[in-house]
Each structure stands twice: as structure tokens, then as C-alpha cells.
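# Examination of the molecular architecture
Here is how the chains run, residue by residue.
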Amino acid sequence: MKPTISPSILNCDIADLVGELKKISNADFAHVDIMDNHFVPNLTWGLPVVEAIIARNILPIDCHLMIEDPDRWAPAYAEAGAASVTFHAEAAGAPIRLAKEIRNQGARVGLALKPTTDIHDYLDVLDEFDMILVMTVEPGFGGQPFLESQMSKVRRVREAADKRGLELAIQVDGGISRKTIEKAAEAGADVFVAGSAVYRAEDAYAEVDELRKLASQAMHRH
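A short tour of the structure in this document, coming up.

What counts and what doesn't
- Within every chain, residues take consecutive numbers counted from 1 along the sequence as written.
- Note on the predicted model: pLDDT of at least 70 is required for a residue's local features to be given, and 80 or more for side-chain atom pairs to be given and counted; whole-chain, interface and lining totals, by contrast, use all residues.
- Side-chain calculation: all heavy atoms of the structure are included, whereas hydrogens and water are not.
- Numbering of helices and strands runs from the N terminus, with a helix taken as a DSSP run of H or I at least four residues long and a strand as a DSSP run of E at least two residues long.
- Expected helix span is taken as 1.5 Å per residue step, with the number of steps being one fewer than the number of residues.
- Burial status follows relative accessibility: with a 1.4 Å probe on protein chains alone, a residue under 20% of its type maximum counts as buried, one over 50% as exposed, and anything between as partly exposed.
- Think of the arc as the fan of directions from the helix axis to the C-beta atoms.
- Residues counted as positive are Lys and Arg, residues counted as negative are Asp and Glu, and His and the chain ends are not counted.
- Every case where a carboxyl oxygen of Asp or Glu lies within 4 Å of a side-chain nitrogen of Lys or Arg is listed as a salt bridge.
- Polar contact is the term for a pair of N or O atoms within 3.5 Å; when the atoms are in protein, one must be able to donate a hydrogen and the other to accept it, and sequence-neighboring residues count only if both atoms are side-chain atoms.
- By definition in these notes, contact holds between two residues if any of their heavy atoms fall within 4.5 Å.
- Points on a 1 Å grid over protein atoms alone make up a cavity when a 1.4 Å probe fits among them but cannot get out, and a pocket when they form an open set with protein on both sides within 12 Å along at least five of seven lines; lining residues each have an atom within 4 Å of a point.
- Grid points are joined across faces, edges and corners, and a volume is the space filled by probe spheres set on the points.
- Three residue categories are used. Nonpolar comprises Ala, Val, Leu, Ile, Met, Phe, Trp, Tyr, Cys and Pro, charged comprises Asp, Glu, Lys and Arg, and polar comprises the others, including Gly.
- Being paired, for any two strands, means DSSP has found at least two bridges between them.

### Observations regarding helix α8 (residues 204-221)
In a regular helix each residue adds 1.5 Å, so 18 residues correspond to 26 Å; α8 covers 26 Å between its end C-alpha atoms and thus fits that length. Within the span of α8, buried status applies to A204, E207, V208, L211, L214, A215, A218 and M219. All buried residues of α8 project into a common sector of 135 degrees when viewed along the axis, lining one side. Exposed residues pointing more than 90 degrees away from the buried face of α8 are listed as H220 and R221.

Printed below as a string of C-alpha cells:
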């Protein structure tokens, strides 16, 4: 298993989005947080920005939809060409049907869980998803401290997936940095979203390499 690094552009210089994406061109994905000011108390970007980024073809796009009614809106992101579309368990009316719709559009599909959402209700349907996103902060804002309490959730998902022989990616998002990435990797995560840690570093490109190296070492130790 290799680590996947997906820097969040939430903390980048929005006025130079293309330049900011080029800074992380060694990453596996660019993580785009879509917030509607309803599901979370913040407003970011929507489909037109995602379409514009995809058209530039700098990196595959990993969309994280923190929105109400993803059943209605999520398929359009897959249709636009996002490589991966993740919606929240707490917001979806029919998560399995939605997952199938997203996959039918050719994208990978992820299910995201807030810190207080129990994974137990979803363990039987893990095979309907390509990825589970365990939020390691309350969704809505970048730069929050990492919640170590969520590592037990990561371990439970990894154990359940391994028991059933599923090739399931586990993404962690929130407070991921050099200090925390190894803990997440040791717990069983293999996809890492880092926003502030990458874009506040002196050299974003070098920071991506460093995070990948630390995660890889921790995964091989485990």
C-alpha cells in the first residue's frame, strides 16, 4: 500500500489558483472542499470552479462535498470529470443509490463521516464505496487541530475492510501535518488531506514529498 497525498486548496491563494495547483504538481490529487454555508458554516466554491480546474488538467481532482442534498448535486461533479467525489453520510438521503450514480459517471466515490458520526451503521455497506473519509476535525474550516480520538474510527474501518478483503481507501482530513500524519498512517489511513501544512510551508512541493515519505515509513512500520 502506498500513501496518497491530496493537498486541500482551501488555504491557497485563490487569486492565483492555477499557480497554486502547479506548486503541488507532485501530489496525487488536489482536494477541493465544496461548502454551501448550510451543511457547514462556511461558503467556498462550486461546480464552475471545479470545471475550470479540471479543464486545466494539472492534477486529478478529489471533491469533498460538504453540502446539503448531495443526492441532487453530487453526480454533476463526477460528470464534470472529478476523479473522486466524496459526500457526507449525514447529508445523503440514499447514500448507496448516490454512490452508484457517481460510479456510473466514471468517478471514484467516497463516504465522509463527521467526528461524532458512528461508522457502525456503514460497516455492512463498505463495498459500495471506494473510500471512507474520516474527518479528523469538525468540517467547515481549515487550520483546526487534529482530533486524535478519530484514530479508533480509522482502525475500525481498516479492520472491517481487511476482514472482507476489500480494497478500500481510508482518507483523513483535518489537522494533517508532519506531526500527525504518522499516527493516521499507523491507524490504517492511506489517503491524506493536508491544507495549511502544505500551503503555509516555505516550499509546498517539498512539503508534499516530506508528508509522503513520513506516511510511507509509518505504513511500512505498521
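### A few points about the side chain of D62
Mapped onto the elements of the fold, D62 is located in strand β3 (residues 61-66). The buried charged residue D62 lacks any salt bridge, with R108 as its nearest oppositely charged partner at 7.9 Å. Within polar-contact distance, the side chain of D62 engages the side chain of S6 at 2.8 Å. A distance of 2.8 Å separates polar atoms of two side chains, one belonging to D62 and the other to H31. Dropping the residues within four chain positions of it, D62 is found in contact with S6, F29, A30, H31, V32, S84, T86, M131 and Q171.

### Things to note about the layout of surface pockets
Leftover empty space is mapped by rolling, across the atoms, a probe with the size of a water molecule. Of the volumes computed, that of the largest pocket is approximately 270 Å³. Only β2 (30-35) and α7 (196-199) provide two or more residues apiece to the lining of the largest pocket. Of the residues in the lining of the largest pocket, the class split is eleven nonpolar, twelve polar and two charged. Volume-wise, the second largest pocket comes out at about 160 Å³. As for the second largest pocket, its lining consists of 13 residues, of which I34, D36, I67, W73 and Y77 are closest to the centre. For the lining of the second largest pocket, the secondary-structure elements that each account for two or more residues are β2 and α3 (70-79).

### Topic: helix α2 (residues 47-56)
For α2, the set of buried residues is V50, I53 and I54. For α2, the arc enclosing every buried residue in end-on projection is 100 degrees, short of the 170-degree limit, so these residues lie on one face. For α2, the exposed residues lying more than 90 degrees away from the buried face are P48, A55 and R56. Looking at the packing, one finds that the buried side of α2 touches α1 (17-23), β2, β3 and α3. N57 lies just past α2 and shows a positive phi near 55 degrees.

### A few points about the pairing of strand β4 (residues 84-88)
With five of five residues buried, β4 is to be regarded as a mostly interior element. Both faces of β4 are covered, namely the face carrying S84, T86 and H88 and the face carrying V85 and F87. Of the strand pairs in this sheet, β3 and β4 are connected by four bridges, and their pairing is parallel. Bridge pairing in β4 links D62 to S84. Relative to strand β5 (residues 108-113), β4 runs parallel, the two being bridged by five bridges. The residue bridging V85 from the neighbouring strand is V109, located in β5.

By themselves these figures say nothing about function.
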